[in-house]
Amino acid sequence: MNAPLPMHADPLLLTPGPLTTTAATKAAMLHDRGSWDAAFNEITAEVCTDLVAIVHGQRSHVCVPLQGSGTFAVEAALGTLVPRDGRVLVPNNGAYCERILRILGVLGRAAVELRFDESEPVDAARVEAALIADPRISHVALVHCETGTGMLNPLQGVAEAVARQGRRLIVDAMSSFGVLPIDVRDAAIDAVVAASGKCLEGVPGMGFVVARREALEAAGGVSHSLALDLHDQWRYLQRTTQWRFTPPTHVVAALREALVQYRAEGGLAARRARYAANCARLVDGMQRLGFRTFLSPALQAPIIVTFLAPQHPAWRFDVLYARMRDRGFILYPGKLTLVDTFRVGCIGAIGVDDIEAMLAAMAATLDEMGIEPGA
Ligand SMILES: *Cc1c(COP(=O)(O)O)cnc(C)c1O
């Protein structure tokens, strides 16, 4: 995209995160800020206001920021908002759904797994049937974009089903927040969980939960973790305007700058259009080079694309990875158990020009490896 040198001498990160950030976002970190300082706490408040507005939660929801990577925030949301005698239905079609099940196991919350194939989206009708079959289920935990494959799951359909059945919904929107529409006004959504270092194009280090105020108010004393207690974190922030425990000050400042750019770009619609253009160019160019996608196009979110490894004796992902890295592009291994795949992200401060450059590097690398296009 606009990526100016010299900061852009870094390789481009075509991954699920951390992502390539702009020079201005990196520059926002060149200051030391005190956690007691009013100016810093103002930044936190601004960031939280923006994050709530992105999912239209101004009237009903609040933002609780949390130190750590995205998983910390997912674990905090589940541990705080699901009562200890709650029961969580987890539609499972990939690695991040699997992670939610592991978290619930560790937390000792009852979980009901609803299995789907990794190549098929969650089916809202099956979710609803499972809720009808088991009235003890209190919550559904849905991964919006399953980053393990790049699958888009039908958030709205699931939210409507959950609302009809009078249960509550917690959404892992880590890789979709800010890009794919989420509207907490018309749904059973108690929490939307995401992080600084994904599609908002900040740097990693801060998760956040946009939570329904009433759900959070009712959640005092539920968490058995101190550090991951969202209720306590929220109360403290309300009372003092400060973070409980040392905040990731540089990360918060970078996120504020990234949000300024997000707005200047045109918000969700513009970011979605840029990523969709990246994704379309990527898929088209890779297909020309002979690669096939794991998902059919209709199921593909414009976030990250899973490609099948070519059936060629010279194919080795580690060789491809190293040579692409030398050419300035970081790719990502696959996360599927049964099929040999690799992933290429379309997100971050990159544009179609960067995708074009990556495709040229890919063509040259395949040539070096002796893998002819269309193999
Ligand atoms: C990135 C991501 C997470 C969080 O992973 P971390 O490694 O903790 O940042 C959770 N869910 C989804 C869907 C993700 O893409």
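Before reading on, note that the structure itself is shown above.
Criteria and cut-off values
- Residues numbered from 1 in each chain as written.
- Predicted model: local features only at pLDDT ≥ 70, side-chain atom pairs only at ≥ 80, totals over all residues.
- Heavy atoms only, no water.
- Near = heavy atom within 4 Å.
- Polar contact = N/O pair within 3.5 Å; in protein donor to acceptor, adjacent residues only side chain to side chain.
- Areas by Shrake-Rupley, 256 points an atom, 1.4 Å probe, with all protein chains shown as cover.
- Helix = DSSP H or I, 4+ residues; strand = E, 2+ residues; numbered from the N terminus.
- Nonpolar A, V, L, I, M, F, W, Y, C, P; charged D, E, K, R; others polar.
- Buried < 20%, exposed > 50% of the residue type's maximum accessible area, 1.4 Å probe, protein only.
- Arc of directions from axis to C-beta.
- Contact = heavy atoms within 4.5 Å.
- Phe/Tyr/Trp six-rings, centres within 6.5 Å; stacked < 30°, edge-to-face > 60°.
- Lys NZ or Arg CZ within 6 Å of the ring centre and 35° of its normal.
- Pairing = 2+ DSSP bridges.

**Here we look at the site of the ligand**
Then comes step 1: Taken together, Ser 69, Gly 70, Thr 71, Tyr 96, Arg 99, Val 143, Cys 145, Thr 147, Asp 172, Met 174, Ser 175 and Lys 198 are the residues near the ligand.
Then comes step 2: Ser 69 has a polar side-chain atom sitting 2.5 Å from an oxygen atom of the ligand.
Then comes step 3: Contacts to the ligand include Thr 71, whose side-chain N or O atom sits 2.5 Å from an oxygen atom.
Then comes step 4: The protein chains hide 84% of the 380 Å² of surface that the ligand would expose on its own.
Then comes step 5: Of all elements in the fold, only helix H3 (70–81) and helix H4 (95–107) reach the threshold of two or more residues within the shell around the ligand.
Then comes step 6: When grouped by side-chain class, the residues that make up the shell around the ligand number 4 nonpolar, 5 polar and 3 charged.

**What to know about unusual backbone geometry**
Then comes step 1: Put simply, Gly 17 and Pro 18 share a cis peptide bond, and its omega is -5 degrees.
Then comes step 2: Notably, Thr 241 is not glycine yet its phi reads approximately 65 degrees, a positive angle.
Then comes step 3: Looking at the element boundaries, Thr 241 is found in the loop between helix H8 (230–240) and helix H9 (249–265).
Then comes step 4: The exposure class of Thr 241 is partly exposed, given its relative accessible area of 45%.
Then comes step 5: Even without being a glycine, Phe 245 presents a positive backbone phi close to 70 degrees.
Then comes step 6: Inspection of the secondary structure assignment puts Phe 245 in the loop between H8 and H9.

**Quick look at helix H11 (residues 317–326)**
Then comes step 1: Along H11, the residues classified as buried are Phe 317, Leu 320 and Met 324. For H11, the buried positions fall inside an angular range of 60 degrees around the axis, keeping them on one side.
Then comes step 2: In this fold, the buried residues of H11 make contact with strand E12 (329–330), strand E13 (332–333), strand E14 (341–345) and helix H12 (352–369).
Then comes step 3: Gly 328 occupies a position one or two residues after H11 and carries a positive phi of about 100 degrees.

**A look at the packing of aromatic side chains**
Then comes step 1: Tallying each qualifying case throughout the model produces 8 aromatic pairs.
Then comes step 2: Ring centres 5.4 Å apart and planes at 35 degrees place the aromatic pair Trp 315 and Phe 342 in the tilted group. One end of the pair, Trp 315, is in the loop between strand E11 (304–308) and H11; the other, Phe 342, is in strand E14, and 27 residues separate them in sequence. Each of the two residues, Trp 315 as well as Phe 342, counts as buried.
Then comes step 3: Geometry around Phe 116 places Arg 126 over its ring, the cationic atom sitting 4.3 Å from the centre.

**Considerations on the side chain of Ser 223**
Then comes step 1: Position of Ser 223 relative to the elements: it lies in the loop between helix H7 (213–217) and H8.
Then comes step 2: Judged by its relative accessible area of 12%, Ser 223 falls in the buried class.
Then comes step 3: Apart from residues no more than four positions distant in its own chain, Ser 223 is found in contact with Gly 79, Thr 80, Arg 84, Leu 228 and Asp 229.

**Here's the deal with the sheet that holds E14**
Then comes step 1: Taken in spatial order, the 3 strands make up an open sheet running E11-E14-E13, and their pairing is antiparallel. The open sheet has two edge strands, E11 and E13, and neither has a second partner.
Then comes step 2: Direction of pairing for E13 relative to E14: antiparallel, over a ladder of 2 bridges. The residue of E14 that forms the bridge with Pro 333 is Phe 342.

Just distances and angles here, no functional claims.
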